[in-house]
Amino acid sequence: MTRTEDTGDLAADQVVVRLAGVRKEFGEAVALDGVSLEIRAGEAVAVMGPSGCGKSTLLNMIAGLDRPTTGSVTVLGEDLGALDETGLALFRRRRIGMVFQFFNLIDDLPALDNVALAAQLTGTPARQARRRALELLDELGIADRRNAYPAVLSGGERQRVAVARALMNRPALLLADEPTGALDSQAGEQVMDLLIDLNQIGQTLLLVTHDRRLAARCASRLVEFSDGRVARESALERTQ
Ligand code: ADP
Ligand code: MG
């Protein structure tokens, strides 16, 4: 996989994400309780913690899918709190790639169109979008499935299509929320290998996982959450 042009505008060690004192309440419930966190260009950070501790809420804050109750989120120098809804949507489409546990593909579109749509939404002409989508499917080893609808793809194939879609706009940050959670162990390993490859060519990655072994393989830093707070941060020695 080559991605030379994609990372050129980010200096190594540049702060990509900065959360300062982020608190998020849903009614009475406190999902995030004063989270401060920095992620630098080129890092692969794993977030772990029990169900309900705020991991998905954290990713939603960074993607601008939802707003903190208090505190600030800055991504690539852009204070998300200063953006209106349209600004947030544009920011997200252009700068963030997201991968979810249950793929979130559009059932009515074949694989290639699911991927191409991400670029068409940012104004890329359809032909150009389809060409890049095919290149990505090829790099991810599923070009032969380009005309297949999500329903006939295996879980691992669906997730690779979802990763291709997330990469379409060359995002500065790839967010993955339990991307192997719905996969059998072999397909999960393949998706993890893919994320490792992407990080090795410079893709900044924030990954939520329940699997400590996969976190150790994939990430260079572990952030452990508990009750909406960062309970522990540690460097990881990548295994293999
Ligand atoms: P995790 O991803 O770690 O399992 P979440 O971030 O999904 O945790 O949820 C953290 C807490 O916030 C949970 O108590 C959850 O019920 C609550 N929560 C998350 N999203 C919402 C929402 N949209 N409305 C109400 N409560 C929510
Ligand atoms: Mg979650």
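Preceding this section is the structure that the text describes.
Being a predicted model, the structure only gives us computed values, none of them experimental.

Conventions and cut-offs
Residues numbered from 1 in each chain as written. Chains lettered and ligands numbered in written order. Predicted model: local features only at pLDDT ≥ 70, side-chain atom pairs only at ≥ 80, totals over all residues. Heavy atoms only, no water. Helix = DSSP H or I, 4+ residues; strand = E, 2+ residues; numbered from the N terminus. Buried < 20%, exposed > 50% of the residue type's maximum accessible area, 1.4 Å probe, protein only. Contact = heavy atoms within 4.5 Å. Pairing = 2+ DSSP bridges. Axes fitted to C-alpha atoms, helices over the stretch in contact; angles between N-to-C directions. 1 Å grid on protein atoms, 1.4 Å probe; cavity = no way out; pocket = protein on both sides within 12 Å on 5 of 7 lines; lining within 4 Å. Points joined across faces, edges and corners; volume = space filled by probe spheres on them. Nonpolar A, V, L, I, M, F, W, Y, C, P; charged D, E, K, R; others polar.

A.B. asks: I would appreciate a short explanation of the environment of Gly71 in the present structure.
C.D. replies: Tracing the sequence through the fold places Gly71 in strand S4 (residues 70-75). Relative accessible area serves as the criterion here: at 43%, Gly71 is assigned to the partly exposed category. Setting aside residues up to four positions removed in sequence, Gly71 forms contacts with Ala20, Gly21 and Val22.

A.B. asks: What am I meant to see in the sheet that holds S4 here?
C.D. replies: Sheet strands pair by backbone hydrogen bonding; their relative direction is either parallel or antiparallel. Strands sit in the order S2-S1-S4-S5 across an open sheet of four strands; the sheet is antiparallel. Strand pairing shows two members of the sheet lacking a second neighbour, strand S2 (29-40) and strand S5 (78-79), which therefore form its edges. Along the sheet, helix H2 (residues 55-62) contacts strand S1 (15-26), S2 and S4; its crossing angle with S1, the most-contacted strand, is approximately 120°.

A.B. asks: Where do I start with the layout of surface pockets in this structure?
C.D. replies: Rolled over the atoms, a probe sized like a water molecule indicates the empty space that remains. Roughly 460 Å³ of internal volume is contained in the largest pocket. Of all the secondary structure elements, the ones that give two or more residues to the lining of the largest pocket are helix H3 (85-95), strand S6 (96-99), helix H4 (111-120) and helix H6 (155-167). Each residue belonging to the lining of the largest pocket can be placed in one class, and the counts come to twelve nonpolar, four polar and three charged. Counted as a void, the second largest pocket has a volume near 220 Å³. Taken together, Arg94, Ala119, Thr122, Thr124, Gln128, Ala129, Arg131, Arg132, Glu135, Met168, Asn169 and Arg170 make up the full set of residues lining the second largest pocket. In terms of residue count, the dominant contributor to the lining of the second largest pocket is helix H5 (residues 126-139) (five residues). Residue classes in the lining of the second largest pocket are distributed as three nonpolar, four polar and five charged.

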